[in-house]
Each structure stands twice: as C-alpha cells, then as structure tokens.
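Observations on the model geometry
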Amino acid sequence: MTSAIVSVIAILAVDSPSMARDAQTVINVMLGELGASRPTGCPGRWCACYMDAVLVRSGLQPLGSNRAVDFAGYGEPAEPGTVGAIMVMPHHVGVVVGLCDNGQVQIVSGNYSNTVALGCYSPSRAIAWRAPVRS
C-alpha cells in the first residue's frame, strides 16, 4: 500500500474530526520516516521510545515510557483495528494504517526489522487499542 492510499484511508476511518486530525498527523510523521533507524537516546528495543517521540512531534501528549506494554494505559480507548489507533502488544507498539491482504492489520512502527517500517500483525496479538490525546 502506498503512503497516499494509507493517508486517504486514515482520514476516513477514525471517530471524530479532532481524532482524525491527530491520527493523520501521527501517521504522516511515521510514514515520512519509513526506513529511518533508531533515534538517538532510544534503547535497543526502541519502538515505544520512537512512538513517544512521534507523539511529541505531532503535538500530542507523550507517555514518557520506553516500554511498549505501558502504552496499554495511554490515551483513550480505540476501536480494535481502527486506522490511526495505537496497537499495543506485549513487546511492540505501532499505529494502524490499514489492512494486509491476509486480513491482519498493517501498522507503522519503529524497530520493525530495526527500522521504521510497515508490518502485518494479527489483531489477536493486541493487548490494547488506544487513541492519542492532546497535551
């Protein structure tokens, strides 16, 4: 899926105008950094650190943790698999940008094959689905 298609889908798939704008901003930042490596100051397992940095750059409230699982308590609840939702797994976190051909959700995240990248995950791996919040 190209960035343009993902961006159009993201605008249409969230609950409210402000949530749509916030989700779209987060997605745009992350898609603009596809292929980027671990940010300075992030630990070896850097998906949560990267997610937090993206939230800050998007003008949203960061979590302040380098642990993916901690995002289970972040922000507001989101509908499972909703484009723009933060998918929280026990050891990984990213933002839903669409569906993969096999029915899995496609997320953009840091530390996927050691870069910012798109990956497909079964929704059953999620321990929480969260929506970002303003500072």
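Residue numbers here run from 1 along each chain, matching the order of that chain's written sequence. At least 70 in pLDDT is required for a residue's local features to be given in this predicted model, at least 80 for side-chain atom pairs to be given and counted, and no such filter applies to totals for whole chains, interfaces and linings, which use all residues. For side-chain calculations, the full set of non-hydrogen atoms in the structure is used, while hydrogens and water are omitted.

1. Quick word on the packing of aromatic side chains
Two aromatic rings, drawn from Phe, Tyr or Trp (for Trp, its six-membered ring), form a pair once their centres lie within 6.5 Å of each other, and the interplanar angle then sorts them: stacked below 30 degrees, edge-to-face above 60, tilted otherwise. Going through the model one piece at a time under the given rule, you end up with three aromatic pairs. Centre to centre, the rings of W46 and Y50 are 6.0 Å apart; their planes meet at 90°, and the pair counts as edge-to-face. Accessibility assignment for this pair places W46 and Y50 in one class, buried. Relative accessibility decides the category of a residue: with a 1.4 Å probe and only protein chains considered, values under 20% of the type maximum give buried, values over 50% give exposed, and everything between is partly exposed.

2. Focus on the nonpolar core
Counting 38 residues, the largest nonpolar core has M51, M87 and V93 as its most contacted members. Counting only elements with at least two residues in this core, the list comes to α2 (17–31), α3 (47–57), β2 (86–89), β3 (92–99), β4 (105–112), β5 (115–121) and β6 (128–131). By definition, any uninterrupted DSSP run of H or I lasting at least four residues is a helix, any uninterrupted run of E lasting at least two residues is a strand, and each is numbered from the N terminus. With seven residues, α3 is the largest single contributor of residues to this core. Contacts between residues were defined by any pair of non-hydrogen atoms, one from each residue, lying within 4.5 Å. With near-sequence residues (within four places) excluded, V93 lies in contact with C47, A48, M51, A68, F71, I86, M87, V88 and S109. Put simply, a nonpolar core is a bunch of buried Ala, Val, Leu, Ile, Met, Phe, Trp, Tyr and Cys residues held in one set by side-chain atoms that sit within 4.5 Å of each other.

3. Here we look at the sheet that holds β5
The pairing of strands in a sheet happens through backbone hydrogen bonds and is either parallel or antiparallel. Strand pairing requires that DSSP identify at least two bridges connecting the strands. Reading across the sheet, the six strands line up as β1-β6-β2-β3-β4-β5 and stay open at both edges, with antiparallel pairing between neighbours. Both outer strands of the open sheet, β1 (76–77) and β5, are each paired with one neighbouring strand and no more. Bridge count between β2 and β6: three bridges; the pairing is antiparallel. Along β6, the bridge assignment pairs M87 with W129.

4. Concerning the pattern of salt bridges
Just to be clear on terms, a salt bridge is a Lys or Arg side-chain nitrogen sitting within 4 Å of an Asp or Glu carboxyl oxygen. One pass over the full model with this rule turns up three salt bridges. The shortest N-O distance in the salt bridge between E33 and R57 comes to 2.7 Å. Of the two residues, E33 sits in the loop between α2 and α3 while R57 sits in helix α3, which places them 24 residues apart along the sequence. With relative accessibility at 24%, the residue E33 sits in the partly exposed group.

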